[in-house]
Amino acid sequence: MTIPDHSFYERDTLQVAKDLLGCKLLRRYKDSVLEGVIVETEAYKANDPACHAYKGKTPRSATLFKNPGLSYVYLIYGMYHCVNIVTEPEEIAGAVLIRALEPLESLDNTNGPGKLCRELKITKELNEIDVTSSESNLWIEKYQSIKPAQIVETARIGIKQATDWPWRFYIKDNKFISKK
DNA sequence: GATAAGATGTTA
DNA sequence: AACATCTTATCA
């Protein structure tokens, strides 16, 4: 078991989004650990109209400009949270949205960004967590290696801007991908 | 099956 | 007013 360090995240967001497929997301909660395999991601970058940081730094999006390897958690539609991992060097905005997990360890279906956050008890309290340390309450470990041929690139889901950019990635034939 | 609408609150 | 969502209802 190895944990990707800051240099893993301090790269192009699209590359990180692909490389995160097959890694595990782990959440320490009340003395137990909830975990799942990342099977679907989306990339968000500074020059991307759909990115929260597109119009510059705001109180919410400031996290996206910080150190790669931090978590970025926000509330969407008033009732669900979404988790991202910050990418690119400091002061350059970028993040990878984790859209779906294949459940391990006592998780129910987590085939969507809102559902997986509810299952893993991820809330705004877990914003700006260092996911490169197993001391954190939220972190990422290497798990499976995914061959490039197993990665499918498609358009992102649930956004109104830049809907034709193929910045969504998932593991081919996996049963836990979020639906349209 | 498909499509529509409602819940809900933060953001800028 | 929009929103990186999900569930439930109402068709067929």
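Report on the accompanying structure. (Residues numbered from 1 in each chain as written. Chains lettered and ligands numbered in written order. Predicted model: local features only at pLDDT ≥ 70, side-chain atom pairs only at ≥ 80, totals over all residues. Heavy atoms only, no water.)

### Digging into the pairing of strand 5 (residues 94-103)
Condition: Exposure is judged per residue with a 1.4 Å probe applied to protein chains only, and the accessible area is read against the type maximum: over 50% gives exposed, under 20% gives buried, and values in between give partly exposed. Numbering of helices and strands runs from the N terminus; a helix is a DSSP stretch of H or I covering at least four residues, while a strand is a stretch of E covering at least two. Strand pairing follows a simple DSSP-based rule, namely that at least 2 bridges must link the two strands.
Burial of strand 5 is extensive: nine of the ten residues sit out of reach of the surface. The sheet contact formed by strand 2 (residues 32-45) and strand 5 spans nine bridges and is antiparallel. Within the sheet, the bridge partner assigned to G36 lies in strand 5 and is P103. As defined by bridge partners, strand 4 (residues 80-86) adjoins strand 5 across three bridges and the pair is classed as antiparallel. Of the residues in strand 5, the one forming a bridge with V86 is A95.

### Some thoughts on the pattern of salt bridges
As a working rule, side chains carrying opposite charge can pair if their charged atoms are close by. So the rule is basically this: For salt bridges, the criterion is a side-chain nitrogen of Lys or Arg within 4 Å of an Asp or Glu carboxyl oxygen.
With the rule as written, the count across this model stands at ten salt bridges. Taking the shortest distance from any N to any O, the salt bridge between D48 and R156 comes out at 2.6 Å. Placement of D48 in the loop between strand 2 and strand 3 (71-76) and of R156 in the loop between strand 7 (151-154) and strand 8 (168-171) is noted, with a sequence separation of 108 residues between them. The salt bridge partner of E128 is K66, with a shortest N-O separation of 3.3 Å. Residue E128 is located in the loop between helix 3 (113-119) and strand 6 (138-141), and its partner K66 is located in the loop between strand 2 and strand 3; the two are separated by 62 residues in the primary sequence. For E128, a relative accessible area of 33% translates into the label partly exposed.

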